[in-house]
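Read off the chains here:
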Amino acid sequence: MKPRITVITIGVNDLEASLRFYRDGLGFPTDGIIGEEFEYGSVVFIQMQPGLRLALWPRKSISHDSGVALGPVSPTEMTLGHNVDSKADVDAVMTKAGAAGAAIVKPAHDTFWGGYSGYFQDPDGHLWEVVWNPQWSG
């Protein structure tokens with residue numbers, strides 16, 4: 001197996017609210033909700049960089065499709081990282097996320113490893129880290 005990810009699917013409780021957050025609040029491009037004609041098919045695809053999409057799919061649909069029972073949500077299971085080019089970019093993204101309704105759980109700050117980052121949660125509690133890594137700049 002080649003180490004390749006083409007879709008990251010996150011479970012959501014309210015697809016309409018998640019669509020508004022990502023499309024209207026953060027400005028992520030999407031065609032909106034598709035697959036509504038199927039009982040468990042409603043999904044939102046967001047084109048990220050070439051070859052990668054973020055999918056928003058109701059948690060109950062993921063449970064139905066996978067056969068795994070719904071369990072308690074834990075925001076510390078994973079984070080989504082958004083790397084930017086400067087400290088100012090971190091601040092700008094954090095401000096935009098907050099204005100879109102995100103919960104700012106850790107304001108932007110200098111990190112112990114020499115970078116700058118902050119954390120926010122989307123409406124379903126998924127953690128996003130917005131980070132500037134000076135070793136990746138250039």
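Everything in this summary refers to the structure shown in the same document. (Residues numbered from 1 in each chain as written. Predicted model: local features only at pLDDT ≥ 70, side-chain atom pairs only at ≥ 80, totals over all residues. Heavy atoms only, no water.)

**Things to note about the pattern of salt bridges**
What the rule picks out here adds up to two salt bridges. Two residues, Arg23 and Asp24, come together in a salt bridge whose shortest N-O distance is 2.7 Å. For Asp110, the salt bridge identified is with Lys87, shortest N-O distance 2.8 Å. In this pair, Asp110 sits in strand β6 (residues 103-110) while Lys87 sits in helix α3 (residues 87-99), placing the two residues 23 residues apart along the sequence. (Salt bridge = Lys/Arg side-chain N within 4 Å of Asp/Glu carboxyl O. Helix = DSSP H or I, 4+ residues; strand = E, 2+ residues; numbered from the N terminus.)

**Thoughts on the sheet that holds strand β2 (residues 30-34)**
On the basis of which strands lie adjacent, the open sheet formed by four strands has the order β1-β4-β3-β2 and mixed pairing. Because the sheet does not close on itself, it has two edges, and the strands there are β1 (7-12) and β2. Strand after strand, the sheet turns through a mean of 20° between neighbouring axes, direction not considered. One ladder, built from six bridges, connects β1 with strand β4 (residues 53-58); its direction is parallel. Note on β4: the bridge partner recorded for Val7 is Arg53. Contacts from helix α1 (residues 15-25) reach β1, β2, β3 (43-47) and β4 within the one sheet, and its direction differs from that of β4 by about 155°. Strands in contact with helix α2 (residues 59-66) are β1 and β4; relative to β4, the strand with the most contacts, it is inclined by about 90°. (Pairing = 2+ DSSP bridges. Axes fitted to C-alpha atoms, helices over the stretch in contact; angles between N-to-C directions. Contact = heavy atoms within 4.5 Å.)

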